[in-house]
Amino acid sequence: MEFVSGYRDEFLDFTALLFGWYHKFVAERGAVRTSLAGRWRQLEAQIRRLPQDPALWVLHVLPNHTVGISLGQGAEPGPAPGLGAAWLLGDEPLLHLRDLSPYVSFVSLEEGEEGEEEEENGEEGVGMEKAETEDGEPAPSSRESPQEASPQGEPEEAEQEAGGGEDVCREDRAEMEPRLERRKGRRSEAAPLHLSCLLLVTDKHGTILGIDLLMDGAQGTAGRGSGTENLAPRAYTLLCHSMTCPMGSGDPRKPRQLTVGDAQLHKELENLVPRLGVKLAKTPMRTWGPQPGFTFASLRARTCHVCHRHSFEVKLTPCPQCGAVLYCGEACLQTDWKRCPDDVSHQFWCPRLAAFMERAGELATLPFTYTAGDPYQLLQRDGPALMPPVPPDPPRGLFGSWQDYYTWRGLSLDSPMAVLLTYPLTVYYVITHLMPQSSYHPVPELNIQNKQSLKIHVVEAGKEFDLVMVFWELLVLLPHVALELQFVGDGLPPESDQQHFTLQRDGPEVSVRSSSGVSARLNSGTKEKGGRRDLHIKVSARPYHLLQGPKPDLVIGFNSGFGLKDTWLSLLPRLQSLRVPAFFTESSEYGCVMDDQTMAVATGGGTSPPQTNPFRSPFRLRAADNCMPWYCNAFIFHLVYKPPRGGAARPAAGPAPPAPTPAAPPAPARRRRGEKKPGRGSRRRS
């Protein structure tokens, strides 16, 4: 089995949700359009019987003038032009946003036209503002009159007359076509798709309920629309589908009231929306924004682990035995149960997953109180509200829990800063609690906690580098240690390669100073006793096995996922040869088991039994195809290196035994080093 929860960029989950819903919408829209007129009456009658949503729904009309979409470019060899679902929803889903580049990329439709762009942007900005604050829409040079645009017959008939699936926004296409032609003249590749308009249905909280993309032409071809078609039939179809199959969450329902963000479309829908038993607002929407309670968690629809269909398509239920994996029915469950070889089947993993599920209560036991209000509200304020001043005296003891640290640091337990501080606090916990107890280091008598300086490599770094400022907290907690952090990984921005900079405290602020003289400041409290201290940061945007330089004192990786990237198969042998202390976190016990397997295949070594990280993130990661408890930095383990040839095996003493927890499941049998790992080399399949 394979799960990518906790490793995949959340934007890709969101993209998969949008694409899956839109794919279903287009298929059903075509079926309704070609059916008899009676089908519409049946659908409208069905919607009138739906329960009422007390929340206001909003239909947005969002024109786009400047961004095009290029398909199947940017990779050699690249896929054939066209947008398929396999790369988002299939058995080998993408994990990072940058992995989308061979399939789809965004291009400017005004490239090389700076002067014209400035003028056009000014005009467009005025028009868009007017559409939202006055009458909902700029006045294009040519369009149908309200009498001509208002559909009098059945919606499918009006939609066919309007050009079907190739409708475009009522913006003037005459303004757009010259720019597309100039771009085709400058470049030899096919012209990009132009997403001329986006129709979006949300509730008042901002939860997306439906979406329709109006494309102006296809790659290398001209659009069939004339630019004067009305949007009412298209919008009405979208509203119907959003009610019978809401994207965000919840059962089919109709809104108590609907408002429209376009004055003309509002008028055209006046005779259509009442057919659904929905009240249309008297006036079009003028301004709108998501309310504070809005979170994107409501947009992560669940999927079947086997066929990847979303919960808005089928009813999903967990495995009746382990309760961990979601399936759409008995057929998919049996397919997964009998997979070959045996150790990738659900039958093999079911008792192990059941044991992982038993840890849910323990992992959720944290001292934070996020029940009152929005937990992210504090993050919207300026620096002084995020972190209180640094205590004047250094800590008198070692912290082993969020409760103790928050108390000393003066943080309220309703502060969500733990979601960011989990990274430096995990490093702190490794240094102060785990390293002194580990005896696998080549110099066992070395206690890393007593060192005056410490060089740490953060491997396969990504988002951790984006949060580099929070690592200053290490010097607050360890004032006696001079720290150097080197972020290493080919996922780092190439322009950051070989950068060296320093985090310095000057009075109440922390400054970032690099060799280029760039400086940024973060307000984080008063100056500590002993004057200014520095945290040295280095960046190497390359695979770790290609890194040159002295050995570090410690290697750390966050939410590692050894089997999900080929570079680990070179990185782990490099660490084996260096034999440096190396600690890693994982977001689930499942990940720890898979990492142990990958370490065995790559080096012949293994990993220590995982320990629950007391400084894990407090926010549970919601998985798409399973119900297992996933938390950022939930577990910590260290590498157990294969003994050198001719040497006695060194005891692989892990951390001190934690408090009693449910027994860990037995690890699956390891493959011998020479055996081939099933599936793609960059995929971990147990």
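What counts as what
Residues numbered from 1 in each chain as written. Predicted model: local features only at pLDDT ≥ 70, side-chain atom pairs only at ≥ 80, totals over all residues. Heavy atoms only, no water. Helix = DSSP H or I, 4+ residues; strand = E, 2+ residues; numbered from the N terminus. Buried < 20%, exposed > 50% of the residue type's maximum accessible area, 1.4 Å probe, protein only. Contact = heavy atoms within 4.5 Å. Areas by Shrake-Rupley, 256 points an atom, 1.4 Å probe, with all protein chains shown as cover. Pairing = 2+ DSSP bridges. Core = buried A, V, L, I, M, F, W, Y, C linked by side-chain atoms within 4.5 Å. Salt bridge = Lys/Arg side-chain N within 4 Å of Asp/Glu carboxyl O. Axes fitted to C-alpha atoms, helices over the stretch in contact; angles between N-to-C directions. Parallel < 35°, antiparallel > 145°, perpendicular 65-115°, else oblique. Nonpolar A, V, L, I, M, F, W, Y, C, P; charged D, E, K, R; others polar. Expected span 1.5 Å × (residues − 1). Bend = angle between axes of the 7 residues up to and from the residue. 1 Å grid on protein atoms, 1.4 Å probe; cavity = no way out; pocket = protein on both sides within 12 Å on 5 of 7 lines; lining within 4 Å. Points joined across faces, edges and corners; volume = space filled by probe spheres on them. pLDDT = per-residue confidence, 0-100. Phe/Tyr/Trp six-rings, centres within 6.5 Å; stacked < 30°, edge-to-face > 60°.

Going by an unreviewed UniProt entry, the chain carries the name Zinc finger MYND domain-containing protein 15 isoform X3 and comes from Vicugna pacos.

Student: Can you help me understand the overall build of the chain in this one?
Tutor: Check the secondary structure of the chain and you find 19 helices and 24 strands. The buried share of the chain, taken over its 686 residues, is 52%. Considering only intrachain contacts with a sequence separation of at least 6, the fraction spanning at least 24 residues in the chain is 77%. Approximately 30400 Å² of the chain is accessible, and the part contributed by carbon and sulfur atoms is 54%.

Student: In this structure, what is going on with the pairing of strand S13 (residues 482-488)? I would like to understand it.
Tutor: Residues in a regular strand point their side chains to alternate faces of the sheet. Of all seven residues in S13, six are buried; the element is thus mostly enclosed. With seven bridges connecting them, strand S12 (residues 453-459) and S13 associate as parallel partners. Bridge assignment links Ser453 to a residue of S13, and that residue is Ala482. Two strands pair when backbone bridges link them, and S13 and strand S17 (residues 534-540) are joined in this way by six bridges, in the parallel orientation. Directly across from Leu483, in S17, lies its bridge partner Leu535.

Student: For this particular structure, what's the right way to read the nonpolar core?
Tutor: The nonpolar side chains of a soluble globular protein tend to be buried with one another. Core analysis: the largest hydrophobic core is formed by 54 residues, its most contacted members being Trp402, Tyr405, Ile456, Phe471, Phe487 and Leu535. Among the secondary structure elements, those contributing two or more residues to this core are helix H14 (402-409), helix H15 (418-434), S12, helix H17 (473-477), S13, strand S14 (500-506), S17 and strand S18 (554-557). Looking at which element gives the most residues to this core, the answer is H15, with 10 residues. Leaving out residues up to four positions away in the same chain, Tyr405 has contacts with Met387, Phe399, Leu411, Leu421, Leu425, Glu473, Leu477 and Phe615.

Student: How do you make sense of the pattern of salt bridges when you look at a structure like this?
Tutor: Inspection of every chain in the model, using the stated rule, returns 12 salt bridges. Across the salt bridge formed by Asp336 and Arg339, the nearest N and O atoms sit 2.5 Å from each other. The exposure class of Asp336 is buried, given its relative accessible area of 0%. The partner of Asp497 in a salt bridge is Arg542, with the nearest N and O atoms 2.9 Å apart. Here Asp497, found in the loop between S13 and S14, pairs with Arg542, found in the loop between S17 and S18; they are 45 residues apart in sequence, far enough to count as distant. Judged by its relative accessible area of 27%, Asp497 is partly exposed. Take Arg542: its relative accessible area is 24%, and that puts it in the partly exposed class. Among the charged side chains, a salt-bridge network with shared partners connects Arg359, Glu362 and Glu589.

Student: Is there a simple way to explain the packing of H14 against H15 in this structure?
Tutor: What describes two packed helices is the angle between their axes and the distance between those same axes. For the pair H14 and H15, the least separation of the axes is 13 Å and the interaxial angle reads 105°. By the angle between their axes, H14 is roughly perpendicular relative to H15. Contact with H14, carried on its side by Trp402, Tyr405 and Tyr406, involves Ala418, Leu421, Thr422 and Leu425 of H15 and no other residues of that element. Split by residue class, the contact of H14 with H15 holds six nonpolar, one polar and no charged.

Student: I would appreciate a short explanation of H15 in the present structure.
Tutor: Side chains that are three or four residues apart share a direction in an α-helix, a result of its 3.6 residues per turn. In this model H15 runs just 20 Å from its N-terminal to its C-terminal C-alpha over 17 residues, more than 12% under the 24 Å that 1.5 Å per residue would give. The principal kink in H15, of about 35°, is found at Pro424. The buried fraction of H15 amounts to 15 of the 17 residues, a majority that puts the element mostly inside the structure.

Student: Please explain empty space enclosed by the protein as it appears in this structure.
Tutor: Gaps left between atoms show up when a probe the size of a water molecule is rolled over them. Within this structure, the stated rule accounts for eight cavities of 30 Å³ or more. Considered as a void within the structure, the second largest cavity measures approximately 60 Å³ in volume. When grouped by side-chain class, the residues that make up the lining of the second largest cavity number five nonpolar, three polar and two charged.

Student: Is there a simple way to explain unusual backbone geometry in this structure?
Tutor: Note on backbone geometry: most residues besides glycine have negative phi, and most peptide bonds are trans. Between Cys340 and Pro341 the backbone carries a cis peptide bond, its omega angle lying at -5°. Checked against the element boundaries, Pro341 lands in the loop between helix H10 (330-337) and helix H11 (346-357). Its identity is not glycine, yet Gln498 carries a phi of approximately 70°, on the positive side. Among the secondary structure elements, Gln498 is positioned in the loop between S13 and S14. Owing to a relative accessible area of 45%, Gln498 belongs among the partly exposed residues under this scheme.

Student: Before we go on, may I ask you to explain the environment of Leu95 in this structure?
Tutor: Take Leu95: it is sitting in the loop between helix H3 (86-89) and strand S4 (104-108). Each C-alpha atom of the pair Leu95 and Val4 lies 7.7 Å from the other, and the pair is 91 residues apart in sequence.

Student: Explain the packing of H10 against H11 here, please?
Tutor: Direction vectors running N to C along H10 and H11 enclose 95°, while the axes themselves pass 7 Å from each other. Classified by the angle their axes make, H10 and H11 are roughly perpendicular. Where H10 abuts H11, its residues Leu333, Asp336 and Trp337 lie against His346, Gln347 and Cys350. Here the contact of H10 with H11 is composed, by residue class, of three nonpolar, two polar and one charged.

Student: Looking at this structure, how should I read the confidence of the model for the chain?
Tutor: Do not read the predicted coordinates in detail wherever pLDDT is low. Residues of the chain with pLDDT of at least 70 account for 65%, and the chain-wide mean is 75. Here helix H5 (residues 146-149) is the element of the chain with the lowest mean pLDDT, 35, and strand S19 (residues 582-586) is the one with the highest, 97. Scored below 50 in pLDDT, residues 218-228 shows 26 contacts in the model against residues more than four places distant or in partner chains. Across residues 649-686, where pLDDT falls below 50, the model places 101 contacts with residues more than four positions away in sequence or in other chains.

Student: Looking at this model, I keep getting lost on the packing of aromatic side chains. Mind explaining?
Tutor: The way to describe two aromatic rings as a pair is by their centre distance and the angle between their planes. The final tally for this structure, using the stated rule, is 27 aromatic pairs. Between the aromatic rings of Phe399 and Tyr405, the centroid separation amounts to 6.3 Å while the plane-to-plane angle is 75°, which identifies the pairing as edge-to-face. Of the two residues, Phe399 and Tyr405, both sit in the buried class. Ring plane angle 85° and centroid distance 5.1 Å describe the contact between Phe562 and Phe584, whose orientation is recorded as edge-to-face. Taken together, the residues span a long stretch of sequence, with Phe562 in the loop between S18 and helix H18 (568-578) and Phe584 in strand S19 at a distance of 22 residues. For the pair Phe562 and Phe584, one class covers both residues: buried. Taken together through their ring pairs, the aromatic side chains of Phe368, Phe399, Trp402, Tyr405, Tyr406, Trp408, Tyr428, Tyr429 and Phe615 make up a single cluster.

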